[in-house]
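# Structural description and commentary
Each chain, written out:
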2 protein chains.
Amino acid sequence: VIAPSFARSLLLSTDLLIEDIHFRRRWTSPYFLGKKSLRVNLSDLAAMGAHPYVALLGLVLPEDCLDHFFEGFLRGFLEECASKDAPLVGGDLSRGEKISISVTVCGTVRNGEPLLRSGATPGDEIFLIGESGFSRSGLDWLERTDPDLSRVETEAKLRELTPSDCIFHRVRMHLLPEIQLGAGQWLQERNAASAMIDVSDGLAADLLHILEESSVSALLYRDHLDSYAMEKAISLDKVLNSGEDYALLFTASPNQTVKIRNHYPRNLPVPLSIGRIIEGDPVILLGAGEKYEPYRPLGYDHFR
Amino acid sequence: VIAPSFARSLLLSTDLLIEDIHFRRRWTSPYFLGKKSLRVNLSDLAAMGAHPYVALLGLVLPEDCLDHFFEGFLRGFLEECASKDAPLVGGDLSRGEKISISVTVCGTVRNGEPLLRSGATPGDEIFLIGESGFSRSGLDWLERTDPDLSRVETEAKLRELTPSDCIFHRVRMHLLPEIQLGAGQWLQERNAASAMIDVSDGLAADLLHILEESSVSALLYRDHLDSYAMEKAISLDKVLNSGEDYALLFTASPNQTVKIRNHYPRNLPVPLSIGRIIEGDPVILLGAGEKYEPYRPLGYDHFR
């Protein structure tokens, strides 16, 4: 029973994390997975500019990992609940053959309206906050080297087991993604964005969600994205098609863009301009100058 | 995004239904399972006297049953959403090895406080609304005869495939449990109950939840329960220890009991008096007259 009488809007979001689909037992500790499970759900709230309110957890565990997994997972999950101010208020447990995690979070927007995917209009700039492509690169390394990380509960230990700072950072982004609650809340509270989404399927695929719900088209600046990709040593295709980084992708009108340039706080990750909304069908055009070509996202669809 | 500004309290509940733990594909159609999945969740709201508000669905499906299962399940689930006035407002989908269903429902209480498990006090009567033991008997028949019910979408068809009205009724209670929203709401709105729970683990086990949260003890009337068991042709142990009937178990003070006797609506299932709350540790005493003996529930604990 909750009593959110102070909130204008209540936001609900639910996500599944399934063993051998979304994670492997060998590549993460239960503790890290507990943290990630809450974070990826809260990222949906971040994308609406909301504040976390409460969380519910449905957990299916096989007999063979009951005690060990449950203890570590719940410790990570509850630490994250505490640090993100989203107390665990209910849930359900079951046996099952594979680990399956179902988290539902509830968030609130204190003033104004939550940021939706449907608010982009022609003339808006497109911005990215956070990394794109790192989590997928980290997963590539896990797939190539198959390390046993099932007991790794600190970043220091993870660094020891990875060959370089660069790979460590990518694996860390896969296991413990950083979510952008502060940036999302700032944009919502200052009315500094017109539409927003978190990048869980891939930058291009998630941008397409905004375009479809806003009935607009987008130009993506190839030169901005190429420099980003080069600086991060990630291919452009990976930047555009990697999910699970939980970056924020948002659009801002010219007035909102001025507000961001003048007032965006220094302690939050910098928004990178990557394109512009134009009139047209919901398609992405990638290019520079006068030359733009249609770009089809390679995003992952569980039910394709 | 929901905006329940009319509601004093918002109630959240989440439940898991896992293939081969909670159901078998062969013994139910996806359509019936879709209906049951929403009902068992709404039963938690019924137990607080709440009105359904919205539902979220997390669904994991194996490749081999994707289209067929998805269509039937969602048809049943959405029909039930419509008839119970709980629109599906969000969810998540994933592949996986076994079917796994995670439903989260949100309900509201319009006036007063929701009914909790913690309000029972010595002197209260204990009542049961709905059946106890039928769902488990139906499951016993499924286990004994292993019928293929995977395409049965009507009660008429189910009747054809069961050998008697009696078995039909029990199997139907297992596949399509009746939940007691109307009775729960009446008790909450008339302030006619002091504590309430729905029977999902077993009558005795769930009564114990009330006793523990209310710090009281209970006498169960053996003669009342024996007549109930005899009338229904179910053993007393099964009446006391079968889950999944989603009956309501509630306590009522002497004043509330008078209100029920005088005003309880004729169109709702009749509350059956089965015991009384007394002072003491949270244990169940079963008997009659002067002779009561401790009764330990055999309720099912997924994590025992």
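Numbering of residues begins from 1 in every chain and follows the order in which that chain's sequence is written. Starting at A for chains and at 1 for ligands, labels are handed out in the order in which the entities are written. Selection of residues for local features in this predicted model requires a pLDDT of at least 70, selection of side-chain atom pairs for listing and counting requires 80 or more, and totals for whole chains, interfaces and linings are taken over all residues. With hydrogens and water excluded, all non-hydrogen atoms of the structure serve as input to the side-chain values.

## Focus on the interface of chain B and chain A
Interface size is commonly expressed as the accessible surface area that is lost when the partners come together. Contacts were defined at the residue level, with two residues in contact if any of their heavy atoms lie within 4.5 Å. Contact with chain B, which involves 40 residues of that partner, is made by 41 residues of chain A. Across the interface of chain B and chain A, roughly 3,400 Å² is buried in total on both sides, 69% from carbon and sulfur atoms. Any carboxyl oxygen of Asp or Glu within 4 Å of a side-chain nitrogen of Lys or Arg constitutes a salt bridge here. Where chain B meets chain A, there are two salt bridges. With a shortest N-O distance of 3.0 Å, K98(A) and E97(B) are connected by a salt bridge. Each of two parts loses accessible area, computed with a 1.4 Å probe, when they are put together; buried area is these two losses added.

## A short note on helix α10 (residues 254–263) of chain A
Residues and elements named next belong to chain A. Those residues of α10 that sit buried are Q256, T257 and I260. On an axial view of α10, the arc spanned by its buried residues comes to 105 degrees, and they lie on one face. Structural note: α10 exposes P254, N255, R261 and N262 on the side pointing more than 90 degrees away from its buried face. Each element contacted by the buried residues of α10 is listed here: β5 (125–129), α6 (181–189) and β8 (248–252). Here the term buried applies to any residue with accessible area under 20% of the maximum for its type, exposed to any over 50%, and partly exposed to those in between, with areas from a 1.4 Å probe on protein chains only. The way it works is that DSSP assigns letters per residue, a run of H or I at least four long becomes a helix, a run of E at least two long becomes a strand, and they are numbered from the N terminus. This arc describes the spread of directions from the helix axis toward the C-beta atoms.

## Regarding the relation of the copies chain B and chain A
Structural alignment of chain B on chain A gives an RMSD of 0.0 Å, achieved by rotating through 180 degrees and translating 0.0 Å along the axis. Overall, the copies show the geometry of a two-fold rotation axis. Residues below a pLDDT of 70 in either copy are left out; the C-alpha atoms of the rest, at least 70 in both, set the least-squares superposition of the copies.

## Brief notes about the side chain of S100(A)
Mapped onto the fold, S100(A) is located in strand β4 (residues 100–109). Given a relative accessible area of 7%, S100(A) falls into the buried group. Apart from residues lying up to four places away in sequence, S100(A) is in contact with L17(A), I18(A), G58(A), L59(A), V60(A) and S100(B).

## Observations concerning the environment of S100(B)
Sequence-wise, S100(B) and S29(B) are 71 residues apart; in three dimensions their C-alpha atoms are separated by 15 Å. Apart from residues no more than four positions distant in its own chain, S100(B) is found in contact with S100(A), L17(B), I18(B), G58(B), L59(B) and V60(B).

## Here we look at unusual backbone geometry
Note on backbone geometry: most residues besides glycine have negative phi, and most peptide bonds are trans. Residue and element names in this part refer to chain A. In this structure, D20 takes a positive phi of about 70 degrees despite not being glycine. Following the sequence through the fold, D20 ends up in the loop between β1 (9–18) and α1 (30–46). Overall, D20 belongs to the partly exposed group, its relative accessible area being 30%. The phi angle at D146 is positive, at roughly 45 degrees, despite the residue not being glycine. Within the secondary structure, D146 is located in the loop between α3 (134–145) and α4 (155–160). A residue is classified by how much of its surface remains accessible, and D146, at 36% relative accessible area, is partly exposed.

## As for the packing of aromatic side chains
Residues and elements named next belong to chain A. Within 6.5 Å between ring centres, the rings of Phe, Tyr and Trp (the latter by its six-membered ring) count as paired, and their orientation is classed by plane angle as stacked under 30 degrees, edge-to-face over 60, tilted in between. One pass over the full model with this rule turns up 10 aromatic pairs over all chains. With a centroid separation of 5.9 Å and an interplanar angle of 20 degrees, the aromatic rings of F73 and F77 are classed as stacked. Taken as a pair, F73 and F77 lie in helix α2 (residues 66–84) at a separation of four residues, close to a single helical turn. Grouping residues by exposure puts F73 and F77 together as buried. Judged by centre distance (5.3 Å) and plane angle (75 degrees), the rings of W186 and Y264 are edge-to-face. Separated by 78 residues along the polypeptide, W186 in helix α6 and Y264 in the loop between α10 and β9 (272–278) bring together distant segments of the chain.

## Quick notes on the packing of helix α1 (residues 30–46) of chain B against helix α2 (residues 66–84) of chain B
Residue and element names in this part refer to chain B. Interaxial distance between α1 and α2 falls to 6 Å at its minimum, and their mutual angle equals 40 degrees. By the angle between their directions, the pair α1 and α2 is classed as oblique. Both α1 and α2 take part in a crossing whose hand is right-handed. Side by side, α1 and α2 meet where P30, Y31, L33, G34, K35, S37, L38, R39 and L42 of the first sit next to H68, F69, G72, F73, R75, G76, F77, E79, E80, C81 and K84 of the second. The axes used here are C-alpha line fits, helices contributing only the stretch in contact, and every angle between their N-to-C directions lies in the interval 0 to 180 degrees. For classification purposes, an angle smaller than 35 degrees is called roughly parallel, one larger than 145 roughly antiparallel, one from 65 to 115 roughly perpendicular, and anything else oblique. The crossing is said to be left-handed when, going from far helix to near helix, the turn is anticlockwise and less than a right angle, and right-handed when the turn is clockwise.

## Quick word on α6(A)
All names here are of chain A. In terms of burial, α6 is a largely internal element, seven of the nine residues being buried. If you check which residues of α6 are buried, you get L181, A183, G184, Q185, W186, L187 and Q188. Downstream of α6 by a residue or two, N191 has a phi angle that is positive, lying close to 50 degrees.

## Quick look at the sheet that holds strand β9 (residues 272–278) of chain B
Residue and element names in this part refer to chain B. For two strands to be treated as a pair, DSSP must find no fewer than two bridges joining them. What the seven strands build is an open sheet, ordered β6-β8-β5-β9-β7-β10-β11; its pairing is mixed. A single partner strand is all that each edge strand has here, and the edge strands are β6 (195–198) and β11 (291–295). Strand-to-strand twist of the sheet, defined as the mean angle between neighbouring strand axes without regard to direction, takes the value 25 degrees. Looking at chain direction, β6 and strand β8 (residues 248–252) are connected through four bridges and run antiparallel. Counterpart to D198 in the pairing with β8 is L248. Those strands touched by helix α10 (residues 254–263) are β5 (125–129) and β8, and its axis lies near 120 degrees from that of β8.

Function-wise, these values are silent; they only describe arrangement.
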